[in-house]
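Tertiary structure, described
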Protein chains: 2
Amino acid sequence: VSLPPVELAVSGERFAATYRLHGPLALAAERAEAIAVEQTIEFPADLVGDDDIRRHVIGRVEAITAVDDEHADARISYAVETTGFELPQLLNVLFGNCSLLPGLRIVGLEFPDPLLARFPGPRFGMAGLRKLVGAGDRPLLASALKPMGLSAAALATMAGAMARGGIDVIKDDHGIANQVFAPFRERVQGAAAAVAEANTATGGHCLYLATINGPADEVADRARFAKEVGAGGVVVLPGLAGHDTIRMLAADPGFGLPIMAHPAFMGSLVTSDEAGIEHGLAFGTLARLAGADCTVFPNYGGRFSFSTDACTSIADACLRPLGPLRPILPAPGGGMTVGRIPELIRFYGSAVMLLVGGNLSRGNLHDNARRMREATEAAVAGGPTETGGSM
Amino acid sequence: VSLPPVELAVSGERFAATYRLHGPLALAAERAEAIAVEQTIEFPADLVGDDDIRRHVIGRVEAITAVDDEHADARISYAVETTGFELPQLLNVLFGNCSLLPGLRIVGLEFPDPLLARFPGPRFGMAGLRKLVGAGDRPLLASALKPMGLSAAALATMAGAMARGGIDVIKDDHGIANQVFAPFRERVQGAAAAVAEANTATGGHCLYLATINGPADEVADRARFAKEVGAGGVVVLPGLAGHDTIRMLAADPGFGLPIMAHPAFMGSLVTSDEAGIEHGLAFGTLARLAGADCTVFPNYGGRFSFSTDACTSIADACLRPLGPLRPILPAPGGGMTVGRIPELIRFYGSAVMLLVGGNLSRGNLHDNARRMREATEAAVAGGPTETGGSM
């Protein structure tokens with residue numbers, strides 16, 4: 001022992017992660033202890049005395065359970081005080097340094113209510129979004145303004161056609177940032193105005209979400225500008241901006257608009273079965289913890305290779321109880337078509353935001369948007385839909 | 001074709017990524033074309049006319065090269081204008097959506113000087129850091145203040161002992177954020193004062209780097225506060241804060257201090273050979289592009305499992321020519337000991353910042369810091385050192 005004993009005042013409240021360890025079962029206990037140290041004191045444990053750092057600050061291995069011959073689940077709990085009640089440090093305790101260890105994947109997360117209550121959570125969530133767009137309990141319909149290269153005026157025209165056709169949520173494509181083709185302010189102002197005009201014409205409540213991917217010192221300004229010119233919300237890319245950018249906006253009553261999370265640059269968290277963070281936790285739980293109201297992810301059977309199990313897990317994580325945090329809408333997309341809508345509603349039920357992007361431009365955009373709305377209403381009217389997956 | 005033809009003014013300057021595709025070679029060409037579309041227009045390519053979106057905005061597959069029976073390298077170039085000259089969107093074009101595709105890893109990045117010139121780059125880099133601490137051309141020595149749970153006063157005492165012993169760079173551990181044990185302001189003020197006092201006593205130039213991991217809307221304030229109370233620089237965790245937080249600080253002349261990048265939460269980019277971004281690009285090139293002056297990574301043979309090849313690649317990426325961007329210092333750490341210093345200097349040469357953390361507290365901290373400095377000077381005096389790996 002090298003350090004003098006330390007006394008600390010801690011609440012006793014703890015949160016936990018379950019790490020699935022790939023490798024010899026005989027090493028699981030030792031690896032779990034190493035993770036508990038790595039994620040907290042990152043210091044030789046034998047130099048810490050019999051004190052409150054050892055009792056409370058070092059992570060605690062609560063259980064080790066064999067999963068199969070090559071995998072064991074290590075459930076490790078941490079004192080809520082290790083997070084400083086700040087989201088980046090919470091993520092750091094869960095997965096900061098141990099993300100660099102081989103053969104380790106987070107498959108479970110548990111947060112006590114007193115910790116969750118320190119974060120704003122989704123301001124609208126599923127129920128709030130449905131109310132904003134007047135959708136009752138049917139699935140919400142979303143589409144994206146693209147391709148990159150179109151002018152702000154051309155994107156605004158698309159937005160108007162989609163809104164008149166009955167799309168509920170229109171977002172800038174995640175790759176539409178602040179390019180010379182359609183600079184941020186011009187583009188957001190134009191799309192917001194076009195959607196407002198369409199809403200006036202139809203009596204509808206379509207929301208336009210401005211993608212605010214940009215410099216760290218301009219993101220808050222972009223969100224404020226979007227609100228000022230009438231955008232209905234924003235799209236944030238937490239893999240690039242950090243999850244705390246969502247938290248910052250969700251916590252700001254002066255902003256007060258819905259937030260969509262987009263998974264760009266986050267794929268490496270899920271593409272390996274032996275690394276990263278399980279799909280539902282990565283795209284559902286973390287988005288919700290940050291305060292997103294809906295979360296985009298690649299649907300099964302599209303351009304990406306997510307399994308139906310992965311999609312079910314994400315939808316579950318969006319909807320299941322999570323302390324005081326509202327349920328949010330899963331938003332599967334990526335190469336979807338109007339023709340697949342009945343199938344998607346059978347799979348996800350009505351608690352979903354269906355995202356059909358580029359394929360809506362195949363032919364007449366307005367007519368396709370109308371068909372998308374009609375297909376959804378018909379599928380819902382066709383009888384009670386399943387509540388997808390394990391829900 | 002569904003869109004009217006678009007004319008665009010673009011410079012013709014392009015940047016490129018090489019994606020290593022795992023899977024049947026016969027599919028490589030088709031997969032490469034899909035990536036070129038995904039990362040730019042994300043829109044059915046057959047709906048785009050024979051226009052400037054097709055000619056300039058859609059990524060261009062420049063070459064496909066078989067690597068072995070299961071891997072092919074696809075080199076894809078993009079117009080610099082697709083980035084809007086903003087770092088988050090540059091990263092989005094390189095790896096935003098395609099991070100979600102299976103069997104794809106970035107193994108090469110090429111940036112033309114006109115694009116690199118739009119970013120501030122490292123303000124100090126290797127040469128600037130050496131000058132600040134008065135190290136000549138020897139390796140720099142770094143250590144970390146920890147464990148979490150110590151008071152601000154105890155951490156300040158550690159900092160003073162390390163500085164008097166001859167450590168060049170003392171950072172807060174990456175997990176020391178804003179916990180009640182040692183709140184940010186109190187801790188940074190205390191450590192900065194202790195290092196200043198030690199510098200006065202020794203005539204040395206030790207730098208204290210404050211870890212500013214925290215809420216998105218407080219990071220800039222924390223950096224400013226750290227500077228005001230005499231910190232010598234900051235530590236940023238780009239996997240949590242976003243790389244653009246580094247860029248923001250590097251570009252700010254009112255800040256003007258060195259920045260250390262820490263790899264927390266970025267591990268999933270490198271832990272699978274078939275996904276993510278190659279080690280040197282992930283921890284060397286991206287940190288340098290963002291404007292970090294040194295970059296921490298897990299050394300081979302420590303608590304993590306990085307190979308010697310991975311470490312060589314990171315050191316290479318820090319040091320090799322990259323347009324107008326200064327070389328930066330690789331900072332290997334993670335379970336290092338003073339005893340390994342001669343070996344580390346043989347491996348990395350002198351262009352390195354050696355990071356010995358918790359093990360420096362095994363016994364008397366000041367004496368161990370002194371031994372670390374002496375071991376380094378002896379190893380350097382022992383004759384010309386290799387310039388590690390392929391450099």
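Residues numbered from 1 in each chain as written. Chains lettered and ligands numbered in written order. Predicted model: local features only at pLDDT ≥ 70, side-chain atom pairs only at ≥ 80, totals over all residues. Heavy atoms only, no water.

The helix and strand tally for chain A stands at 14 helices and 13 strands. Expressed as lengths along the three principal axes of its C-alpha atoms, the size of chain A is roughly 75 × 45 × 35 Å. Counting every position in chain A, which comprises 391 residues, the buried fraction comes to 65%. The contacts in chain A between residues at least 6 apart in sequence include a share of 75% that link residues at least 24 apart. Taking the 32 positively charged and 42 negatively charged side chains of chain A as two groups, their mean positions are separated by 9 Å. (Helix = DSSP H or I, 4+ residues; strand = E, 2+ residues; numbered from the N terminus. Buried < 20%, exposed > 50% of the residue type's maximum accessible area, 1.4 Å probe, protein only. Contact = heavy atoms within 4.5 Å. Lys, Arg positive; Asp, Glu negative; His and termini not counted. Charge placed at Lys NZ, Arg CZ, Asp CG, Glu CD.)

Residue and element names in this part refer to chain A. This structure, assessed with the given rule, holds 16 aromatic pairs over all chains. Pairing Phe297 with Tyr348 gives two aromatic rings, centres 6.3 Å apart and planes at 65 degrees, and the pair type is edge-to-face. Taken together, the positions of Phe297 in strand 11 (residues 294-298) and Tyr348 in helix 13 (residues 341-348) put the pair 51 residues apart, joining distant regions of the chain. Members of the aromatic cluster, joined through ring pairs, are Phe297, Tyr300, Phe347 and Tyr348. Across from the ring centre of Phe85, 3.7 Å away, lies the NZ or CZ of Arg118, which sits over that ring. Over the ring of Phe184 we find Arg222, and its NZ or CZ is 5.1 Å from the ring centre. (Phe/Tyr/Trp six-rings, centres within 6.5 Å; stacked < 30°, edge-to-face > 60°. Lys NZ or Arg CZ within 6 Å of the ring centre and 35° of its normal.)

Side-chain pairs of opposite charge can arise where the charged atoms are in close proximity. If you walk through the whole model with that rule in mind, you get 34 salt bridges over all chains. A salt bridge links Lys146 of chain A to Glu42 of chain B, with the shortest nitrogen-to-oxygen separation between them at 3.7 Å. Placement of the pair is Lys146 of chain A in the loop between strand 5 (140-145) and helix 6 (152-165) and Glu42 of chain B in the loop between helix 1 (28-38) and helix 2 (52-57), with the two residues belonging to separate chains. There is no split in this pair, since Lys146 of chain A and Glu42 of chain B are both buried. Residue Asp173 of chain B pairs with Lys146 of chain B through a salt bridge whose shortest N-O separation is 3.8 Å. Of the two residues, Asp173 of chain B is situated in the loop between strand 6 (169-172) and helix 7 (184-202) and Lys146 of chain B in the loop between strand 5 (140-145) and helix 6 (152-165); the sequence distance between them amounts to 27 residues. Looking at Asp173 of chain B, the relative accessible area reads 1%, which means it is buried. In this structure Lys146 of chain B comes out as buried when scored by relative accessible area, which is 4%. Via salt bridges that share partners, Glu42 of chain A together with Lys146 and Asp173 of chain B belong to a single interconnected network. (Salt bridge = Lys/Arg side-chain N within 4 Å of Asp/Glu carboxyl O.)

Tallying the contact residues gives 82 residues for chain A and 82 residues for chain B. Summed over both sides, the interface between chain A and chain B buries roughly 6800 Å², with carbon and sulfur atoms accounting for 62% of that surface. Taken together, the links from chain A to chain B amount to 8 salt bridges. Ionic pairing is found between Asp217 of chain B and Arg247 of chain A, a salt bridge with its closest N-O pair at 3.0 Å. Seen at the junction of chain A and chain B, the total is 32 residue pairs in polar contact (both at pLDDT 80 or more). Those elements that provide at least two residues to the side of chain A that touches chain B are helix 2 (52-57), helix 3 (87-95), helix 9 (238-241), helix 10 (243-250) and strand 10 (275-277) of chain A. (Buried area = accessible area lost by both parts, 1.4 Å probe. Polar contact = N/O pair within 3.5 Å; in protein donor to acceptor, adjacent residues only side chain to side chain.)

Moving on to the nonpolar core. In terms of nonpolar packing, the biggest core is built from 287 residues, with Tyr19, Phe111 and Met353 of chain A together with Tyr19, Phe111 and Met353 of chain B touching the most fellow members. In this structure, Met353 of chain A is in contact with Leu129, Leu140, Ala142, Val169, Met260, Cys294, Leu329, Pro330, Ala331 and Pro332 of chain A, ignoring residues within four places of it in sequence. (Core = buried A, V, L, I, M, F, W, Y, C linked by side-chain atoms within 4.5 Å.)

What follows is about the relation of the copies chain A and chain B. In the superposition of chain A on chain B (RMSD 0.0 Å, axial shift 0.0 Å), the rotation amounts to 180 degrees. Within this description, the copies of the chain are treated as partners about a two-fold rotation axis. The share of interface residues of chain A whose copies in chain B are also at the interface is 100%, consistent with both copies meeting through the same surface. (Least-squares fit on C-alpha atoms with pLDDT ≥ 70 in both.)

With that settled, consider the sheet that holds strand 1 (residues 14-22) of chain B. All names here are of chain B. Strand order in the open sheet formed by 5 strands is 2-3-1-4-10, and the pairing between neighbours is mixed. Both edges of this open sheet fall to strand 2 (60-68) and strand 10 (275-277), since each of them pairs with a single strand only. Within the sheet, the average angular offset between the axes of one strand and its neighbour, ignoring direction, is 20 degrees. Where strand 4 (residues 104-110) lies against strand 10, 3 bridges are found, and the strand directions are parallel. Residue pairing in the sheet places Leu104 in a bridge with Ala275 of strand 10. (Pairing = 2+ DSSP bridges. Axes fitted to C-alpha atoms, helices over the stretch in contact; angles between N-to-C directions.)

To continue, consider the packing of helix 7 of chain B against helix 8 (residues 219-228) of chain B. Residue and element names in this part refer to chain B. One can describe the packing of helix 7 onto helix 8 by two numbers: an axis separation of 9 Å at closest approach and a directional angle of 30 degrees. The angle between the axes of helix 7 and helix 8 places the two elements in the roughly parallel class. As for how helix 7 packs across helix 8, the hand of that crossing is right-handed. On the side of helix 7, the interface is formed by Phe184, Arg185, Val188 and Gln189, while helix 8 contributes Arg222, Phe225 and Ala226. Each residue belonging to the contact of helix 7 with helix 8 can be placed in one class, and the counts come to 4 nonpolar, 1 polar and 2 charged. (Parallel < 35°, antiparallel > 145°, perpendicular 65-115°, else oblique. Left-handed = near helix turned anticlockwise from the far one by under 90°. Nonpolar A, V, L, I, M, F, W, Y, C, P; charged D, E, K, R; others polar.)

Overall, the predicted model of chain A reaches an average pLDDT of 95, with 98% of residues at or above 70. Within the model, pLDDT remains below 50 along residues 385-391 of chain A, and this stretch shows 20 contacts once partners closer than five positions in the same chain are excluded. (pLDDT = per-residue confidence, 0-100.)

For the rest of this paragraph, the subject is the environment of Ala191 of chain A. Residue and element names in this part refer to chain A. Counting through the fold element by element, Ala191 comes out in helix 7 (residues 184-202). Sequence separation of Ala191 and Ala282 is 91 residues, and the distance between their C-alpha atoms is 31 Å. If we skip the residues at most four places from it in the chain, Ala191 touches Leu145, Ala156, Ala159 and Tyr208.

The next point concerns the environment of Asn368 of chain B. Residues and elements named next belong to chain B. Looking at the element boundaries, Asn368 is found in helix 14 (residues 365-381). By relative accessible area, Asn368 is classed as buried at 8%. Sequence separation between Asn368 and Gly166 is 202 residues, and the spatial gap between their C-alpha atoms is 9.7 Å.

As a further point, take unusual backbone geometry. All names here are of chain A. Here the residue pair Lys146 and Pro147 is connected by a cis peptide bond, since its omega of 5 degrees sits within 30 degrees of zero. Here the phi dihedral of Phe85 falls at roughly 60 degrees; this positive angle occurs in a residue that is not glycine. Topologically, Phe85 is positioned in the loop between strand 3 (71-79) and helix 3.

The next point concerns the pairing of strand 5 of chain A. Residue and element names in this part refer to chain A. Among the 6 residues that make up strand 5, 6 are buried, leaving the element largely enclosed by the rest of the structure. By the bridge criterion, 4 bridges tie strand 5 to strand 6 (residues 169-172) in an arrangement that is parallel. Residue pairing in the sheet places Ala142 in a bridge with Val169 of strand 6. As for the winding sense of the linkage, the β-α-β connection from strand 5 through helix 6 to strand 6 is right-handed. (Right-handed = clockwise from strand over helix to strand, strands pointing away.)

Turning our attention to helix 11 (residues 279-290) of chain B. Residue and element names in this part refer to chain B. Helix length check: helix 11 (12 residues) gives 16 Å between terminal C-alpha atoms against 16 Å at 1.5 Å per residue, within 8%. Most of helix 11 sits out of view: 12 of its 12 residues are buried. Listing the buried residues of helix 11 in full gives His279, Gly280, Leu281, Ala282, Phe283, Gly284, Thr285, Leu286, Ala287, Arg288, Leu289 and Ala290. For helix 11, the capping residue at the N-terminal end is Glu278, with a side-chain oxygen 3.0 Å from the backbone nitrogen of Gly280. (Expected span 1.5 Å × (residues − 1).)

This part covers the side chain of Ser313 of chain A. Residue and element names in this part refer to chain A. Mapped onto the fold, Ser313 is located in helix 12 (residues 308-319). What makes Ser313 buried here is its relative accessible area of 16%. Within the local environment of Ser313, its side chain forms a polar contact with the backbone nitrogen of Gly280, the two atoms lying 3.3 Å apart.

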